[in-house]
Amino acid sequence: MGTEFNELFDAWAYTYDAFVASEDEQYKEAFMNYDEILKTVAKKAIGTVLEFGVGTGNLTEQLLQEGHIVYGVEPSHEMRKIAEQKLLGKVKIMEGDFLNFTVPDHINTIVSTYAFHHLTDGEKNKALQKYSELLKKGDKIVFADTIFLDQEAYNGTVQAAIERGHHQLVHDLQTEYYTLLPIMRTLFENNGFSVTFTRYNHYVWVIEAVKN
């Protein structure tokens, strides 16, 4: 993962919180149960947490409420600035991404929401290889992200968006690196994790992976 999305997220930073809380017709399904998803990820985390894609700090707030020590990684300068203001200095937020980051003291859980799809499947595999080396037996990865059951499900979602005239959504679906559940399962299992998937809306699944 390079910096290809940084400009987009720098521009989106100041309207992101309002956007995820809105009823935007194109994206409301993707952000359905947003608060529940964040709370679920935070509750599944254990010990000291490393969060990728901090954004404006919404998940980070939930993790702090659960009593976790949190280290954050965020590539967008504007997102980092907003998160730092919101979190009042309670979390160190480092510049970096899923593949390029400074490793803090030993961590027990790696978390992320609405971000892992910015990596190609090959990059996802490289990231999980890194995380497998960082984590010890019993430690966790807890991600929430868009995944499709199979190619038919993905194709059907794109076609439905086309028929509804949701052109921006169609663009996102066709240019982001959304993957399929069997592929994601294989990536985790091949890197030494036992993994479960729980669906929270049409798009988003919570992934809970425990290091073997």
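Residues numbered from 1 in each chain as written. Predicted model: local features only at pLDDT ≥ 70, side-chain atom pairs only at ≥ 80, totals over all residues. Heavy atoms only, no water.

1. Let's talk about helix α9 (residues 181-190)
- Of the positions making up α9, those classed as buried are L181, M184, L187 and F188. Down the axis of α9, the smallest arc covering the buried residues is 125 degrees, so these residues share one side.
- On the buried face of α9, the contacting elements are α6 (121-134), β5 (140-148), β6 (179-180), β7 (193-199) and β8 (204-211).
- Phi for G192, located one or two positions after α9, is positive at around 90 degrees. (Buried < 20%, exposed > 50% of the residue type's maximum accessible area, 1.4 Å probe, protein only. Helix = DSSP H or I, 4+ residues; strand = E, 2+ residues; numbered from the N terminus. Arc of directions from axis to C-beta. Contact = heavy atoms within 4.5 Å.)

2. A closer look at the UniProt feature "binding site: S-adenosyl-L-methionine" (unreviewed entry) in the protein
- In the numbering adopted here, UniProt assigns the feature "binding site: S-adenosyl-L-methionine" (unreviewed entry) to G53, E74 and D97. Over a stretch of 45 residues, the named residues converge on one spot in the fold, their C-alpha atoms separated by at most 7.1 Å.
- Within the secondary structure layout, E74 lies in the loop between β2 (70-73) and α5 (77-87).
- Setting aside its immediate chain neighbours within four residues, E74 contacts G53, V54, G55, M79, R80, I93, M94, E95 and G96.
- Polar contacts involving the side chain of E74 include one to the main-chain amide nitrogen of G55, which spans 2.7 Å.
- The exposure class assigned to D97 is buried, which follows from its relative accessible area of 9%.
- Of the polar contacts made by the side chain of D97, one reaches the backbone nitrogen of L99; its length is 2.9 Å. (UniProt positions renumbered as here; feature names shortened; annotations may be inferred. Polar contact = N/O pair within 3.5 Å; in protein donor to acceptor, adjacent residues only side chain to side chain.)

3. Some details on the packing of helix α7 (residues 151-163) against helix α8 (residues 167-175)
- Between α7 and α8, whose axes approach to 8 Å, the crossing angle comes to 155 degrees. It follows from the interaxial angle that α7 and α8 lie roughly antiparallel. The element α7 and its partner α8 pack so that their crossing is left-handed. Where α7 approaches α8, its residues Y154, T157, V158, A161 and I162 are matched on the opposing element by L169, V170, L173 and Q174.
- The residue makeup of the contact of α7 with α8, split by class, is seven nonpolar, two polar and no charged. (Axes fitted to C-alpha atoms, helices over the stretch in contact; angles between N-to-C directions. Parallel < 35°, antiparallel > 145°, perpendicular 65-115°, else oblique. Left-handed = near helix turned anticlockwise from the far one by under 90°. Nonpolar A, V, L, I, M, F, W, Y, C, P; charged D, E, K, R; others polar.)

4. Remarks on the pattern of salt bridges
- Tallied over the full model, the rule gives seven salt bridges.
- Linking K28 and E25 is a salt bridge whose minimum nitrogen-to-oxygen distance equals 3.4 Å.
- Classification of K28 by relative accessible area gives partly exposed; the value is 32%.
- A relative accessible area of 49% means that E25 is categorised as partly exposed.
- We note a salt bridge from K43 to E66, for which the minimum N-O separation is 3.1 Å. With K43 in helix α3 (residues 34-44) and E66 in the loop between α4 (58-65) and β2, this residue pair connects regions lying 23 residues apart in the sequence.
- By relative accessible area, E66 is classed as partly exposed at 36%.
- Several salt bridges converge on common partners, so that one network encompasses K44, K140 and E208. (Salt bridge = Lys/Arg side-chain N within 4 Å of Asp/Glu carboxyl O.)

5. Quick look at the pairing of strand β4 (residues 109-113)
- Counting buried positions along β4 yields five of five residues, so the element is predominantly enclosed.
- Here strand β1 (residues 49-52) runs beside β4; their pairing, made up of three bridges, is parallel. From the neighbouring strand, E51 faces β4, where its bridge partner is V111.
- As paired strands, β4 and β5 are joined by five bridges and run parallel to one another. The partner of S112 across the bridge, within β5, is F143.
- For the handedness criterion, the β-α-β arrangement of β4, α6 and β5 is classed as right-handed. (Pairing = 2+ DSSP bridges. Right-handed = clockwise from strand over helix to strand, strands pointing away.)

6. Things to note about the environment of V70
- Position of V70 among the secondary structure elements: in strand β2.
- For the pair V70 and I93, spaced 23 residues apart in the sequence, the C-alpha separation amounts to 9.0 Å.
- Not counting residues up to four positions away in its chain, the partners in contact with V70 are V49, E51, T60, L63, L64, V91 and K92.

7. What to know about the environment of T175
- Mapped onto the elements, T175 comes out in helix α8.
- In this structure T175 comes out as partly exposed when scored by relative accessible area, which is 39%.
- The spatial distance from the C-alpha of T175 to the C-alpha of H118 is 9.6 Å, given a sequence separation of 57 residues.
- Engagement of the side chain of T175 in a polar contact is seen with the backbone oxygen of H171, the distance being 2.7 Å.

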